[in-house]
Amino acid sequence: MTRSVETTGTAKIRETTRLTLIRTGLGIIREKGFNNSGLQEILQASGVPKGSFYHFFASKEDFGLAIIEYDAGEHQREMERFLGDTSCGAVERLRRYFEAKCRYFESRRHREGCLLGNLGQELADQNETFRVRIERFFADWCAALAACLKEAQKAREIPTHLSPDSLAAFLVNSWEGAITQMKITKSTEPLQLFMDFVFGVLLKPCS
């Protein structure tokens, strides 16, 4: 019984250490990029010794992939929270989802941007493993938005002649572009332009 308690406690400590490394690394890599983020900097910021790092991750690439998995999981839960809220219409769910993202970036003072978007731009031509995983992230994101858009069309909230899959891809591509412009201009104006066009024109309710 004592050994079982000790084993459980040790497992929790290890998982806490692993999450500390991932969350610390995520913050640094989001701002500085993958190639410009050194392991020593991440270890110092997290307070985790180098030996512990290699207990969890075989290499920096392995660490980077773990960060992508973590961030993708967080984003999936965020989508489920907003897009799965059936207390309101599908378009309103989409609006609330993107409004929450706008508030987040405003709170970050227009810094960092989208981690997976940043990594895609930096690593797609350098590392095929990263490229394929990031591509899957964006495909999953588009699929979730497309499902919500199909609901909106079924409820006659938006016109039905447009392809939900194409609309979803357009939303993701436009959002990623707006995020890039936000970082360059240090302003939320690109995000507001996205919101105004998407919900004031593209997804305007059927009359």
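None of the values given here were measured: they were computed from a predicted structure.

Definitions and cut-offs
- Residues numbered from 1 in each chain as written.
- Predicted model: local features only at pLDDT ≥ 70, side-chain atom pairs only at ≥ 80, totals over all residues.
- Heavy atoms only, no water.
- Axes fitted to C-alpha atoms, helices over the stretch in contact; angles between N-to-C directions.
- Helix = DSSP H or I, 4+ residues; strand = E, 2+ residues; numbered from the N terminus.
- Contact = heavy atoms within 4.5 Å.
- Nonpolar A, V, L, I, M, F, W, Y, C, P; charged D, E, K, R; others polar.
- Core = buried A, V, L, I, M, F, W, Y, C linked by side-chain atoms within 4.5 Å.
- Buried < 20%, exposed > 50% of the residue type's maximum accessible area, 1.4 Å probe, protein only.
- Phe/Tyr/Trp six-rings, centres within 6.5 Å; stacked < 30°, edge-to-face > 60°.
- Salt bridge = Lys/Arg side-chain N within 4 Å of Asp/Glu carboxyl O.
- UniProt positions renumbered as here; feature names shortened; annotations may be inferred.

S.K.: Which parts of the structure should I look at to understand the packing of helix 4 (residues 60-83) against helix 6 (residues 115-123)?
M.R.: Two quantities define a packed helix pair, namely the angle between the helix axes and the distance between the axes. The contact between helix 4 and helix 6 brings their axes to 10 Å, and the two run at 145°. Here Ile67, Ile68 and Asp71 of helix 4 come into contact with helix 6, specifically with Leu115, Leu116 and Leu119. Split by residue class, the contact of helix 4 with helix 6 holds five nonpolar, no polar and one charged.

S.K.: Mind showing me how you'd approach the nonpolar core here?
M.R.: Within soluble globular proteins, side chains that are nonpolar generally end up buried alongside one another. Of all hydrophobic cores here, the largest spans 63 residues; its most connected members are Phe63, Trp141, Leu145, Trp175 and Leu203. Of all the elements, helix 7 (residues 128-154) adds the most residues to this core, at eleven residues. In contact with Trp175, other than residues within four places in its own chain, are Phe98, Lys101, Cys102, Phe105, Trp141, Leu191 and Phe194.

S.K.: Help me out: how do you make sense of the packing of aromatic side chains in this one?
M.R.: Each aromatic ring pair is summarised here by two numbers: the centre-to-centre distance and the angle between the ring planes. Following the criterion strictly, the structure yields 16 aromatic pairs and no others. Ring plane angle 45° and centroid distance 6.3 Å describe the contact between Phe105 and Trp175, whose orientation is recorded as tilted. Pair noted here: Phe105 is in helix 5 (residues 90-107) and Trp175 is in helix 8 (residues 164-185), with a separation of 70 residues, a long-range link. By relative accessible area, which is 1% here, Trp175 ends up buried. The structure contains a cluster of three or more aromatic residues connected by ring pairs, namely Phe82, Tyr97, Phe98, Tyr104, Phe105, Trp175 and Phe194.

S.K.: I tried to follow the pattern of salt bridges on my own but got confused; where do I start?
M.R.: A pair can form between side chains of opposite charge whenever their charged atoms are brought close. Tallied over the entire structure, the rule returns eleven salt bridges. Of the charged contacts in the structure, one is a salt bridge between Lys32 and Glu41, with a shortest N-O distance of 3.0 Å. Residue classification places Lys32 among the partly exposed residues on the basis of a relative accessible area of 39%. When the shortest N-O distance is used, the salt bridge between Glu92 and Arg95 registers 3.5 Å. Here the residue Glu92 and the residue Arg95 both occupy positions in helix 5, the gap between them amounting to three residues, near one helical turn. Look at the salt bridges and you will find they share partners, linking Asp85, Glu92, Arg95 and Arg96 into a network.

S.K.: Can you help me understand the UniProt feature "DNA-binding region" (unreviewed entry) in the protein in this one?
M.R.: Annotation from UniProt places "DNA-binding region" (unreviewed entry) at residues 38-57. Secondary structure within residues 38-57 divides into 75% helix and 0% strand; the distance between the first and last C-alpha atoms comes to 15 Å.

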